[in-house]
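# Observations on the three-dimensional arrangement
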Amino acid sequence: MAQKGPQLDKKKTGLQAAATDDICRTDDSVGTLFAGAGDVACDVDVPPARQPEPKTRDDFLRYSRDITLDPNTAHQLLLLSEGNRKVTNMGEPQPYSSHPDRFTDSIQVLSAESLTGCCYWEVEWGGKGVSVAVAYKKVISTGKESILGINDKYLALKWGLIGYSFCNNNDETPVSGPQSSRIGVYLDHSAGVLSFYSVSETMTLLHRVQTKFTQPLYAGVDLSYPGNTAEFCKLK
């Protein structure tokens, strides 16, 4: 990897994160985020959490999920390696066959595994920046509408050398938080909660939105610049 995450303290954590579905959402965050953070944008019947939100790194690791990437969704500029856990923007086309699920405009890839229940994963990134996201399987794979965060089928956190932002339904909002080469993602699908964490010696919650998921989700990343890398970490 181009960058290595610092040694992790398994006993410390902070709080902050992200999630949304379609246009109904509740935002909760640290720093300056959506105006009136905590307000409900529209009324939804959100079921109560079946599991308490993890508090320590050990708590999160109880829900760790191994994630691999689906080569049938990978844009032609992306090379998968490390057992399909790592993706690199090579800057030149790779020898992929044609597939209806393949992204053709946006330089993105989705996970092979669907995500339901409670699960946690981490992404280590290198280069100028990466977007990490979740999406429904039946997403648009061509044109502007395929960009992570551009429509209501995606929830994405963008991060890089200049900071973080959260994207959904063509709305991009700055997110404050400590810079790190590793991002943790916690999903409670039944409760409609998705949280993004900056992971270093501590865990800091960057942004959270509570919503109502109607389908299984898939993890995804966008690597817009040649040389950018993202790796789904082995946590077990």
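## So, the side chain of Ser-165
By the element assignment, Ser-165 lies in strand β8 (residues 163-168). The class of Ser-165 is buried, set by a relative accessible area of 8%. Contacts of Ser-165, omitting those with residues within four sequence positions, involve Ala-156, Leu-157, Lys-158, Glu-172, Thr-173, Pro-174 and Val-175.

## Focus: the confidence of the model for the chain
On average, the chain scores 76 in pLDDT, and the residues at 70 or more come to 69%. Within the model, the stretch residues 1-49 combines pLDDT values under 50 with 162 contacts to residues more than four positions away or in other chains. Between residues 140-152, whose pLDDT stays under 50, and residues either more than four places distant or in other chains, the model counts 51 contacts.

## A word on the packing of aromatic side chains
Tallied over the entire structure, the rule returns 4 aromatic pairs. With 5.8 Å between their ring centres and 85 degrees between their planes, Phe-60 and Tyr-186 make a pair best called edge-to-face. One end of the pair, Phe-60, is in helix α1 (residues 57-61); the other, Tyr-186, is in strand β10 (residues 182-188), and 126 residues separate them in sequence. Linked through ring pairs, Phe-60, Tyr-63, Tyr-120, Tyr-186 and Tyr-197 together constitute an aromatic cluster.

## Overview of unusual backbone geometry
Positive phi outside glycine occurs at Glu-82, with the angle close to 50 degrees. Summarising the element assignment, Glu-82 is placed in the loop between β2 (78-81) and β3 (86-89). Relative accessible area serves as the criterion here: at 48%, Glu-82 is assigned to the partly exposed category. You will see that Asn-84, though not glycine, has its phi angle at about 65 degrees, which is positive. As for its position among the elements, Asn-84 is in the loop between β2 and β3.

Conventions adopted
Within any chain, residue numbers begin from 1 and follow the written order of that chain's sequence. At least 70 in pLDDT is required for a residue's local features to be given in this predicted model, at least 80 for side-chain atom pairs to be given and counted, and no such filter applies to totals for whole chains, interfaces and linings, which use all residues. Excluded from the side-chain calculation are hydrogens and water; included are all heavy atoms of the structure. We count a stretch as a helix when DSSP gives it H or I for four or more residues in a row; a strand needs E for two or more, and each element gets its number in order from the N terminus. Accessible area is worked out with a 1.4 Å probe on protein chains only. A residue is then buried under 20% of its type maximum, exposed over 50%, and partly exposed in between. The contact criterion used throughout is that any non-hydrogen atoms of two residues lie within 4.5 Å. A score between 0 and 100, pLDDT records how confident the predictor is in each residue. Side-chain rings of Phe, Tyr and Trp (the six-membered ring for Trp) are treated as a pair once their centres are within 6.5 Å; stacked means planes under 30 degrees apart, edge-to-face means over 60, and tilted covers the remaining angles.

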